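Results of the structural survey
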Amino acid sequence: MLVHAAVAALTPTVREGVRDRAGTQLEAMRARLPDWGAPWDVAALDEATFDDLVAALAGAPCPALDPASGACLIHESRPSTCRLMGMSVVTVDGGVLENACPIQDAFPGYAELPPVAFDLEAMEEALEEQDAAAHAEGWVMTTIAGAVAAEIRDQ
């Protein structure tokens with residue numbers, strides 16, 4: 001819902017650009033998975049299928065990224081996945097999850113930031129509870145492109 005509202009609040013020209021990029025991404029998803037469609041529920045895919053889809057579309061930037069600057073156009077409303085992407089963390093048990101952000105090449109200093117302490121397991125448990133409650137209310141876990149498509153449908 002946050003993505004939906006954030007896209008709807010963009011200026012018309014910027015919003016159309018996000019919608020066009022989302023449409024292109026959804027077409028690519030449809031080409032790979034013709035039986036998967038709106039509401040683009042990620043939970044409906046098994047892990048191997050989702051991993052294959054992500055790998056196939058790895059070169060496609062998020063529709064909400066400004067093509068000129070690379071900035072996130074919905075930064076304040078970005079999903080938790082985006083908020084965690086690239087952040088090196090030290091888990092409660094001492095494990096280190098390395099920085100995997102795809103924008104590291106553009107911002108070399110980012111990769112050098114030290115890992116931060118983070119209770120990943122507690123966050124994942126809380127998110128699972130939130131996702132289950134949202135799913136019970138009819139929400140689905142989707143992609144940014146799927147959320148943009150929902151925003152277009154709901155107009």
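Thresholds, definitions, all that
Residues numbered from 1 in each chain as written. Predicted model: local features only at pLDDT ≥ 70, side-chain atom pairs only at ≥ 80, totals over all residues. Heavy atoms only, no water. Phe/Tyr/Trp six-rings, centres within 6.5 Å; stacked < 30°, edge-to-face > 60°. Buried < 20%, exposed > 50% of the residue type's maximum accessible area, 1.4 Å probe, protein only. Core = buried A, V, L, I, M, F, W, Y, C linked by side-chain atoms within 4.5 Å. Helix = DSSP H or I, 4+ residues; strand = E, 2+ residues; numbered from the N terminus. Contact = heavy atoms within 4.5 Å.

Let us now look at the packing of aromatic side chains. Using the criterion set out here, one finds one aromatic pair in the structure. Consider the rings of Trp 36 and Trp 40, whose centres lie 5.3 Å apart with planes at 90 degrees: the pair is edge-to-face. Judged by relative accessible area, Trp 40 falls into the buried class, the value being 2%.

The subject of this paragraph is the nonpolar core. By size, the foremost hydrophobic cluster in this structure holds 21 residues, and its most contacted members are Met 29, Trp 36, Leu 53 and Ile 74. Elements that contribute at least two residues to this core include exactly helix H1 (2–8), helix H2 (12–32) and helix H7 (144–153). Element by element, the count of residues in this core is highest for H7, at five residues. Discounting residues that sit within four places of it in the chain, Trp 36 has contacts with Met 29, Arg 30, Asp 41, Val 42, Ala 44, Leu 45, Leu 53 and Thr 143.

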